[in-house]
Amino acid sequence: MSVTFPFGLPQNHNFSQFIYYHNFLNAGEIDIVRGLWQRNEEVEAKLNSGEEGFDDALRKTKVAFIEPQKENHWLYEKLGSLAIKCNQERYGFEILGFHYNLQLAKYGEGDFFNWHLDFGVGPISNRKLSISVQLSDPSEYEGGELQFMINDEIINAPKEKGTVIIFPSFIMHRVTPITKGTRQSIVGWIAGPPYR
Ligand SMILES: O=C(O)CCC(=O)C(=O)O
Ligand SMILES: [Fe+2]
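All residue numbers here refer to positions counted from 1 along the written sequence of the relevant chain. As they are written, the chains are lettered A onward and the ligands numbered 1 onward, keeping that order. The model is predicted, so local features are restricted to residues of pLDDT at least 70 and side-chain atom pairs to those at 80 or more, both for listing and for counting; the totals for chains, interfaces and linings are taken over all residues. As a rule here, side-chain values cover all heavy atoms of the structure and leave hydrogens and water aside.

Looking at an unreviewed UniProt entry, one finds the protein named 2OG-Fe(II) oxygenase, with Roseivirga ehrenbergii as its source organism. The Cofactor (unreviewed entry) field of the UniProt record for the protein holds the comment "L-ascorbate". UniProt positions are given in the numbering used here, feature names are shortened, and annotations may be inferred rather than shown by experiment.

Turning our eyes to something else, we now look at the packing of helix 1 (residues 27-34) against helix 2 (residues 73-91). Angle between the axes and distance between the axes: these two values describe a pair of packed helices. For helices, the fitted line uses only the C-alpha atoms of the stretch in contact; every axis is such a line through C-alpha atoms, and the angle between N-to-C directions lies from 0 to 180 degrees. Helix and strand labels come from DSSP, where a helix needs a run of H or I of at least four residues and a strand needs a run of E of at least two; each type is numbered from the N terminus. Closest axis-to-axis distance for the helix 1/helix 2 pair is 11 Å, and the angle between their directions is 120 degrees. Comparing the axis directions of helix 1 and helix 2 gives the class oblique. Relative to helix 2, helix 1 is oriented so that their crossing is left-handed. Between helix 1 and helix 2, the contacting residues are E29, I32 and V33 on the first element and W74, L75 and K78 on the second. Here is the rule for angles: anything less than 35 degrees is roughly parallel, anything more than 145 is roughly antiparallel, 65 through 115 is roughly perpendicular, and the remaining ranges are oblique. Left-handed describes a crossing in which the near helix is turned anticlockwise from the far one by less than a right angle; the clockwise case is right-handed. Two residues qualify as a contact provided that any one of their heavy atoms is within 4.5 Å of a heavy atom in the partner residue.

So, about the environment of H116. One can find H116 in strand 7 (residues 112-116). When the C-alpha atoms of H116 and K70 are compared, they prove to be 32 Å apart, with 46 residues separating the residues in sequence. Think of a polar contact as two N or O atoms within 3.5 Å of one another; within protein, one of them needs to be a possible hydrogen donor and the other a possible acceptor, and neighboring residues in sequence only count if both atoms come from side chains. Among the polar contacts made by the side chain of H116, one reaches the main-chain carbonyl oxygen of N114 at a distance of 2.8 Å. Engagement of the side chain of H116 in a polar contact is seen with the side chain of H173, the distance being 2.9 Å.

With that settled, the discussion passes to the coordination of the iron ion (ligand 2). Each donor-metal-donor angle in an ideal tetrahedron of four donors is 109.5 degrees, and each such angle in an ideal octahedron of six donors is either 90 or 180 degrees. Here the coordinating atoms are restricted to nitrogen, oxygen and sulfur within 2.8 Å of the metal centre, or 3.2 Å for Na, K and Ca, and because water is not among them the sites may look incomplete. Surrounding the iron ion (ligand 2) are the protein donor atoms H116 (NE2), D118 (OD) and H173 (NE2), at 2.0 to 2.1 Å. Counting residues between consecutive donors of the iron ion (ligand 2) along the chain gives the motif H-x1-D-x54-H.

So, about the sheet that holds strand 3 (residues 59-60). Here, any two strands with at least 2 DSSP bridges between them count as paired. The strand order across the open sheet built from five strands is 3-7-13-10-11, with neighbouring strands paired in antiparallel fashion. Looking at the sheet topology across the chains shown, the edges are occupied by strand 3 and strand 11 (153-156). In this sheet, strand 13 (residues 173-175) lies alongside strand 7 in antiparallel orientation, the contact comprising two bridges. Considered in strand 13, the bridge of H116 is made with H173.

With that settled, the discussion passes to unusual backbone geometry. Excluding glycine, a negative phi dihedral is what most residues carry, and trans is how most peptide bonds are arranged. For Y100, which is not glycine, the phi dihedral falls at a positive 65 degrees. Here Y100 lies in the loop between strand 5 (97-98) and strand 6 (102-107). The residue N151 is not glycine, and still its phi comes out positive at about 55 degrees. Structurally, the position occupied by N151 is in the loop between strand 10 (146-150) and strand 11. Exposure categories follow from relative accessible area, calculated using a 1.4 Å probe and restricted to protein chains: below 20% of the type maximum is buried, above 50% is exposed, and the middle band is partly exposed. By relative accessible area, which is 73% here, N151 ends up exposed.

Every buried residue belonging to helix 2 is among L75, Y76, L79, G80, L82, A83, C86, N87 and Y91, and all of these are buried. All buried residues of helix 2 lie within an arc of 165 degrees about the axis, which places them on one face of the element. For helix 2, the exposed residues lying more than 90 degrees away from the buried face are E77 and Q88. Positive phi appears at G92, one or two residues downstream of helix 2, with a value of about 65 degrees. In this description, the arc belongs to the directions extending from the helix axis to the C-beta atoms.

So, about the pattern of salt bridges. By definition, a salt bridge exists where a carboxyl oxygen of Asp or Glu is found within 4 Å of a side-chain nitrogen of Lys or Arg. Considering all chains together, one arrives at six salt bridges under this definition. Here E94 makes a salt bridge to R196, at a shortest N to O gap of 3.0 Å. With E94 in the loop between helix 2 and strand 5 and R196 in the segment after strand 15 (183-191), this pair connects stretches of sequence that are 102 residues apart. Classification of E94 by relative accessible area gives partly exposed; the value is 37%. For K159, the salt bridge goes to E145, with nearest N and O atoms at 3.0 Å. You can see K159 sitting in the loop between strand 11 and strand 12 (164-168) and its partner E145 sitting in the loop between strand 9 (141-143) and strand 10, a full 14 residues away along the chain. Here the two residues K159 and E145 agree in accessibility, since each one is buried.

Following this line, the structure appears as structure tokens:
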């Protein structure tokens, strides 16, 4: 690195814009999670900013929340331990736990989540890592690509059912409109103290 007046800062050689792990959840585990979806609990997704209200241009999705109660501890523990391991290997952020409850998202035909960051002002300034678990088989839907914008390149995340994708919450990403079928995912955020 050529730096004028170097401070001798360490570099993170293992940083990656996103990483994925195939077969993170097996078919039985996915059935349990998909079974948590109850129509009467679904809500039209809110904006990431934490503000009340909806922005139809940014996002159209149905979500439900996975409460961290006893029956769901296995999922929080499984995702939490992977996030801790991944953070140790890749990012070295200060992390303290999940930010809000895990979210179950369901995208039907025409649903999408346009380009956004999971990080921003207010409570979401504590978000460090974002997690998405693919709960639908690629044969169940068309469109619905989880994509990352890395400079001027758009990169698709893997779609295989059971794959988990982890990325820093400050990376730009989207879910393209579903053109056929339904896509489901678990979305989670890991939070910690503000960056310093
Ligand atoms: O459904 C997904 O895989 C990701 C959704 C997303 O980016 C979010 O809820 O912040
Ligand atoms: Fe997001």
